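Spelled out, the chains give:
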Amino acid sequence: MKELELYLSTFAGRDERTLRNKRARLMHLVEFGFREDWNEQTVKEFYEHLKAKGLAVSTIKEVFREVRAFLRLLRRRHYAVFVDEDAWRRLWQAQRLKARKRKEVFTEEELEKFFSYCDKKPPIYKVFFLLLLHSGLRVSEALSLSSEDLVVKKLRDKEILFLKVKEGKFGKEREVPMPLLSEEEKNFLRRFFASRKGKNLWRYILRYPKSVKEKTLNLWSVEKFCQLAEKELGFPIYPHKFRYTYISRLLAEGFSPHAVAQWVGHEKVKTTLEVYAVVLTEKELEKMV
């Protein structure tokens, strides 16, 4: 396919591995069959084609990204190609909603494996996911936190860490307790927040042999991290799963559903109970075994 070679030629000078990966991703398009009209139906058909091949979600996203870059090049070169850019976005929004509807929770073994995986990555990721696990925040809420949003309260001679959520869903502010943190985890988070006074909470530095890069966590980098971890560890990992786990843990510990609903920002207690009914049922069955 001459158009494919034209696209790859724009990356002349890149290392062989990069070119090989780009070619491999575009070969999925060749197998699917080149289309001039990339409307919503075509995008869905391409997704189903990749899914039927047994590709991981993270791999499918990489293929989509490459194909979109390829199609943009063709359009710049005045090829008669129509691309509905919103169709790609709507597809991934739908996939995220499906993932949320899975309503899975982490097992203790999975959490141990996940945080061991985090130990090999930039420390900022361990902090971020530790917060998600113990606060049940949505990713957007966690990313909007500042160093001033960690509050320590003493309740019955026990210190409890709270997070102040200023940019919650529906514009509501709330305080979220983290009652299941270990003493070690409490100290770890307190040190982290104290070290970020006056700084962006989620900005971090990556040091390479010949350079230093400053980066900031965002929705894309968090989701990408989960995809790569899922691919390596072999079990479902997505940001909302930490939220489900937080709620199920609190309900299992006997916390009031009304309180839990308020902490996680559910408008109705019914939502909290319906969403996690399966988890509660399993806990009841465990008592009988």
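Above: the structure in question.
Residues numbered from 1 in each chain as written. Predicted model: local features only at pLDDT ≥ 70, side-chain atom pairs only at ≥ 80, totals over all residues. Heavy atoms only, no water.

**What about the overall build of the chain?**
Within the chain one finds 14 helices and seven strands. The burial tally for the chain puts 42% of its 289 residues in the buried class. Pairs at least 24 residues apart make up 58% of the contacts formed inside the chain by residues separated by at least 6 positions. With an accessible surface of roughly 16600 Å², the chain has 51% of that area assigned to carbon and sulfur atoms. (Helix = DSSP H or I, 4+ residues; strand = E, 2+ residues; numbered from the N terminus. Buried < 20%, exposed > 50% of the residue type's maximum accessible area, 1.4 Å probe, protein only. Contact = heavy atoms within 4.5 Å. Areas by Shrake-Rupley, 256 points an atom, 1.4 Å probe, with all protein chains shown as cover.)

**A few points about the nonpolar core**
In this structure, F114, F128, F129 and W202 are the most contacted members of the largest nonpolar core, which totals 48 residues. It is helix 7 (residues 123-135) that contributes the most residues to this core, nine residues altogether. When residues no more than four places from it in sequence are discounted, the contact partners of F128 are V139, A142, L143, W202, L217 and V222. By size, the runner-up hydrophobic cluster in this structure holds 26 residues, among which are V43, F46, F64 and V83. (Core = buried A, V, L, I, M, F, W, Y, C linked by side-chain atoms within 4.5 Å.)

**Some thoughts on the packing of aromatic side chains**
Counting across every chain of the model gives 26 aromatic pairs. Plain terms: the ring middles of F32 and W38 are 6.1 Å apart, the flat faces sit at 45° to each other, and that makes the pair tilted. W38 shares its class with F32; the two are buried. The interplanar angle of 85° and the centroid separation of 5.7 Å between the aromatic rings of F192 and F193 together place this pair among those described as edge-to-face. Neither F192 nor F193 differs from the other in exposure class; each is buried. (Phe/Tyr/Trp six-rings, centres within 6.5 Å; stacked < 30°, edge-to-face > 60°.)

**A word on the sheet that holds strand 5 (residues 174-177)**
The strand order across the open sheet built from three strands is 3-4-5, with neighbouring strands paired in antiparallel fashion. The strands lining the two open edges of the sheet, one partner per strand, are strand 3 (150-155) and strand 5. Averaged over all pairs of adjacent strands, the angle between their axes in this sheet comes to 35°, without regard to strand direction. When strand 3 meets strand 4 (residues 158-165), the two strands line up antiparallel, connected through six bridges. The partner of V152 across the bridge, within strand 4, is L161. Taken strand by strand, helix 9 (residues 183-195) contacts strand 3 and strand 4, and its axis lies near 45° from that of strand 4. (Pairing = 2+ DSSP bridges. Axes fitted to C-alpha atoms, helices over the stretch in contact; angles between N-to-C directions.)

**Concerning the pattern of salt bridges**
Summed over all chains, the structure comprises 24 salt bridges. Across the pair R25 and E66 runs a salt bridge, and its minimum N-O distance is 2.7 Å. Of this pair, R25 sits in helix 2 (residues 16-32) while E66 sits in helix 4 (residues 57-76), and the two are 41 residues apart along the sequence. The class for R25 is partly exposed, based on a relative accessible area of 22%. (Salt bridge = Lys/Arg side-chain N within 4 Å of Asp/Glu carboxyl O.)

**Structural notes on helix 9**
Here helix 9 spans 18 Å end to end across 13 residues, near enough to the 18 Å set by a 1.5 Å rise per residue. Three or more residues of helix 9 are buried, namely K186, L189, F192 and F193. Buried residues of helix 9, seen end-on, are gathered within an arc of 135° and therefore sit on one face of the element. The outward face of helix 9, more than 90 degrees from its buried face, is lined by the exposed residues E183, E184 and R191. Buried residues belonging to helix 9 abut helix 7, strand 3 and strand 4. (Expected span 1.5 Å × (residues − 1). Arc of directions from axis to C-beta.)

**Considering the pairing of strand 7 (residues 212-216)**
As paired elements, strand 6 (residues 203-207) and strand 7 share five bridges and run antiparallel to each other. Following the sheet pairing, L206 is matched in strand 7 by K213. Counting the residues that bridge the hairpin from strand 6 to strand 7 gives four residues.

**With respect to the side chain of K241**
Examined against the element boundaries, K241 turns out to sit in helix 11 (residues 239-252). Residue class for K241 comes out buried when judged on its relative accessible area of 2%. From its side chain, K241 meets the backbone oxygen of P236 in a polar contact 2.8 Å long. Excluding its chain neighbours within four sequence positions, the residues that come into contact with K241 are E104, V105, F106, E110 and P236. (Polar contact = N/O pair within 3.5 Å; in protein donor to acceptor, adjacent residues only side chain to side chain.)

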